[in-house]
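Here's the letter readout for the chains.
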Amino acid sequence: MKVAIQGVKGAFHEVAAREYFAGRDIDIVEKMSFEEVLNSVENCENDYGLIAIENTIAGTIHANLNLLRRKEVRICGEIFLRVRQNLAVLPGVKIEDLREVRSHYMAINQTRQFFSQYPHIKLAECADTALGMRQVAESGDRTLGAVGSELAAQANGLEIIAPGIETFKKNYTRFMVVKNAMDSGLETFNKASLNLVLKNKVGSLAQILSVMSYYNVDLTKVESMPIMGQPMQYMFYVDVKFDDQRMYNGMITAIRPLLNKIHILGEYMEGSKSWEQMHND
């Protein structure tokens, strides 16, 4: 089974993929952009794809929501991954030897407090955390280090000299698992991601929310985004959770006449951890 990820092997996307598909034999396929991941699933080159959608620190990746809406793919699962950032170097290198540390800009932002203790180290951005690890290993430069996952460090033969250097320990990323839109959906699910375009009239959103409440469907996330080419017009991305699929189906039927457009991005089982559980870890 081929699973496409954004980044190179050892990236947090691979860590999430291996957790989600634990116990199954998967081949990780490297893609350098989120769009390439979705294109490969849309074109049936890969069976599944994984893309990050939000982080407890950085928030929602809005560009990826738009990609999910535009591509012929379907969300079929989600996983929440605790992100632990680690400083890795060539074996035997000490932190005093370093002059530059490479990583993805988000990982750099998550570890600035740690590196403030070492002003002699320059922080340099690269396209992916695991790519930074690979560059250090291939360079043989003992003044270079990288920040990323334990998996990436192991894959590149690097030594972790400072584990868990992220500033905020409750650092989780939510990843969406996608498959081709023509594949059959899940028979059992308790969560859905929707894209809604409301009618331009007073109280439209309030009506939708009232219908959701009536059908006992829990709105767990809502994001508004402008509609390109239509000034001051907005679409909404929402996640809903429910205990009864029949009530959810009834809600979908009830809100359709109240909308200009509805796009079901996916129906799936809730990830293993809720935001509430994560904040109590």
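Let us look at the structure shown here. All values reported here derive from a predicted model rather than from experimental measurement.

## Quick notes on the pattern of salt bridges
Thinking step 1. Taken as a whole and judged by the stated rule, the model has 15 salt bridges.
Thinking step 2. Two residues, Arg 70 and Glu 35, come together in a salt bridge whose shortest N-O distance is 3.5 Å. Within this pair, whereas Arg 70 is found in helix α3 (residues 62-70), its partner Glu 35 is found in helix α2 (residues 34-42), the two being separated by 35 residues in sequence.
Thinking step 3. Its relative accessible area of 33% is what places Glu 35 among the partly exposed residues.
Thinking step 4. Here Glu 78 ties to Lys 191 by a salt bridge, and the two come within 3.0 Å at their closest N and O atoms. Placement of Glu 78 in strand β5 (residues 73-82) and of Lys 191 in strand β12 (residues 191-198) is noted, with a sequence separation of 113 residues between them.
Thinking step 5. Overall, Lys 191 belongs to the buried group, its relative accessible area being 6%.

## A short note on the pairing of strand β7 (residues 100-103)
Thinking step 1. Note: β7 against strand β8 (residues 122-125), 4 bridges, orientation parallel. Bridging across to β8, Glu 100 finds its partner in Lys 122.
Thinking step 2. Between the parallel elements β7 and β8, the chain passes through helix α4 (residues 105-115) in a crossover that is right-handed.

Definitions and cut-offs
Residues numbered from 1 in each chain as written. Predicted model: local features only at pLDDT ≥ 70, side-chain atom pairs only at ≥ 80, totals over all residues. Heavy atoms only, no water. Salt bridge = Lys/Arg side-chain N within 4 Å of Asp/Glu carboxyl O. Helix = DSSP H or I, 4+ residues; strand = E, 2+ residues; numbered from the N terminus. Buried < 20%, exposed > 50% of the residue type's maximum accessible area, 1.4 Å probe, protein only. Pairing = 2+ DSSP bridges. Right-handed = clockwise from strand over helix to strand, strands pointing away.

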